[in-house]
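# Commentary on secondary and tertiary structure
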Amino acid sequence: MRDVTTAHPVQDLDVQPTPLALLLLGREADPRSERGVECPGDLPSPSDPDLVERARAAKEKLGDKVFVLGHHYQRDEVIQFADVTGDSFKLARDAAARPEAEYIVFCGVHFMAESADILTTDDQKVVLPDLAAGCSMADMATAEQVAECWDVLAEAGIAEQVVPVSYMNSSADIKAFTGRHGGTICTSSNAKRALEWAFEQRESGTAKVLFLPDQHLGRNTVVRDMGMSLEDCVVYNPHKPNGGLTAEELRNAKMILWRGHCSVHGRFTVESVEDVRERIPGVNVLVHPECKHEVVAAADYVGSTEYIIKALEAAPAGSKWAIGTELNLVRRLANRFAAEDKEIVFLDKTVCFCSTMNRIDLPHLVWALESLAEGNLVNRIEVDPETEKYAKLALERMLALP
């Protein structure tokens, strides 16, 4: 691969690189960003034929000291070494249930590792094999932006009526903001119950929710599952003055949706649904609730990654399914259920991996495991005590939901 920084040196252009440019190049750190930075240390070559055996040997040497978590969207080459697989919250809880494990190696993205650190003991150390494995959705809401939004709500005279509800796919800073302001966290599985709880926290008819950071999950839940209308929702854009909304619009809204989205699920379109129905007669379309509202409305079934897996497990032999979620999971499910004569295809014709999730590859995992086996702690994810206190409060409110 050509080294563009060598081909076009910054000094030749007489331009000073901005902090954002350095961040995108992996040469600067932003502790409040999910983007992360490049890893220290020397990674093994991805072409090393002994990678699998090296990973197996390092994991065996560590024994019960290490517990490897693998998110559903991870590559198969990584998933094979996971002690448990699941969605982000299930994995964080699984880590908390293994206090004897000194090292929690989280094969996922940054916010997931943060949640695991919040829920595990102080003696446990959470490791992310590649610090650059972030989340574009989580990056769409920073602590400074959300604090400014709260000021806008206060100026509109409605802050006391608003309960923040933050999706699990958010940074520890945003979870802490939620905890400080009496809110809760939700997953794609329990978003309806979390929102019902939030609306119950204020006087009936006056309650409002600030939903962070995924607008689509919030909109789909209240409109599809709770009987609200699209007119009950407004979208707060952090890049516009006052979020691009008038005080009157904020006062009239029940759901104030943050302008954030998943780059993977946001790619699916109504045209994707129409195309697959034409190509595969009798197909069942099953999508994740992070998809756009019109895509969810056009689908046959909607649910979280765990829901998708269970739906396919229960599906009759010979059934046909088009799945609107990350490609690694869809391919894994297609291979798993092929013997049962279940046809499972990706909803869109365009290949769409989660690029940041895919940063966790076998070379990074091998490097992390071998480093730990040699007694070297690398890439530890550690949330500061103050942030952890309030983020944990928000998570515990979710855990207390019936």
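Here is a short report on the structure shown in this document. In this text, all values refer to a predicted model and were calculated from it rather than measured experimentally.

Thresholds, definitions, all that
- Residues numbered from 1 in each chain as written.
- Predicted model: local features only at pLDDT ≥ 70, side-chain atom pairs only at ≥ 80, totals over all residues.
- Heavy atoms only, no water.
- Pairing = 2+ DSSP bridges.
- Helix = DSSP H or I, 4+ residues; strand = E, 2+ residues; numbered from the N terminus.
- Contact = heavy atoms within 4.5 Å.
- Axes fitted to C-alpha atoms, helices over the stretch in contact; angles between N-to-C directions.
- Salt bridge = Lys/Arg side-chain N within 4 Å of Asp/Glu carboxyl O.
- Buried < 20%, exposed > 50% of the residue type's maximum accessible area, 1.4 Å probe, protein only.
- Core = buried A, V, L, I, M, F, W, Y, C linked by side-chain atoms within 4.5 Å.
- Right-handed = clockwise from strand over helix to strand, strands pointing away.
- Polar contact = N/O pair within 3.5 Å; in protein donor to acceptor, adjacent residues only side chain to side chain.

### Describing the sheet that holds strand β11 (residues 301-302)
Strand order in the open sheet formed by four strands is β11-β10-β12-β13, and the pairing between neighbours is parallel. The outermost strands of the open sheet, each flanked by one partner alone, are β11 and β13 (343-346). Where strand β10 (residues 284-287) lies against strand β12 (residues 320-324), four bridges are found, and the strand directions are parallel. Across the sheet, residue V287 finds its bridge partner in β12, namely G324. Where helix α16 (residues 327-337) meets the sheet, it contacts β12 and β13, and its direction lies at approximately 165° from that of β13.

### Here we look at the pattern of salt bridges
Using the criterion set out here, one finds 17 salt bridges in the structure. Between E340 and K342 there is a salt bridge, and its shortest N-O distance comes to 2.9 Å. Assessed through its relative accessible area of 38%, E340 is described here as partly exposed. Each of D48, R54 and E370 takes part in one network of salt bridges that share partners.

### Comments concerning the nonpolar core
Ranked by size, the top nonpolar core spans 112 residues in total, and within it V105, F211, M255, V287, I344 and L369 carry the most contacts. Setting aside anything within four residues of it in sequence, one finds M255 in contact with L195, F199, V209, F211, G218, V222, M228, D232, C233 and V234. Judged by nonpolar contacts, the second largest core, of 21 residues, contains A141, V162, V234 and Y236.

### Looking at the pairing of strand β9 (residues 255-258)
Along β9, one buried face is formed by M255 and L257 and the opposite face, lined by I256 and W258, is buried too. Two strands pair when backbone bridges link them, and strand β7 (residues 208-212) and β9 are joined in this way by three bridges, in the parallel orientation. Bridge pairing links F211 to L257 in β9. Looking at chain direction, strand β8 (residues 233-236) and β9 are connected through four bridges and run parallel. Residue pairing for β9: V234 is matched across the bridge by I256. Read as a crossover between parallel neighbours, the route from β8 over helix α12 (residues 247-252) to β9 is right-handed.

### Structural notes on the environment of D300
Within the secondary structure, D300 sits in the loop between α14 (293-298) and β11. Overall, D300 belongs to the partly exposed group, its relative accessible area being 35%. Sequence separation of D300 and V285 is 15 residues, and the distance between their C-alpha atoms is 5.2 Å. Discounting residues that sit within four places of it in the chain, D300 has contacts with R277, V283, N284 and V285. Among the polar contacts made by the side chain of D300, one reaches the side chain of R277 at a distance of 3.1 Å. Only 2.8 Å separates the side chain of D300 from the backbone nitrogen of V285, close enough to count as a polar contact.

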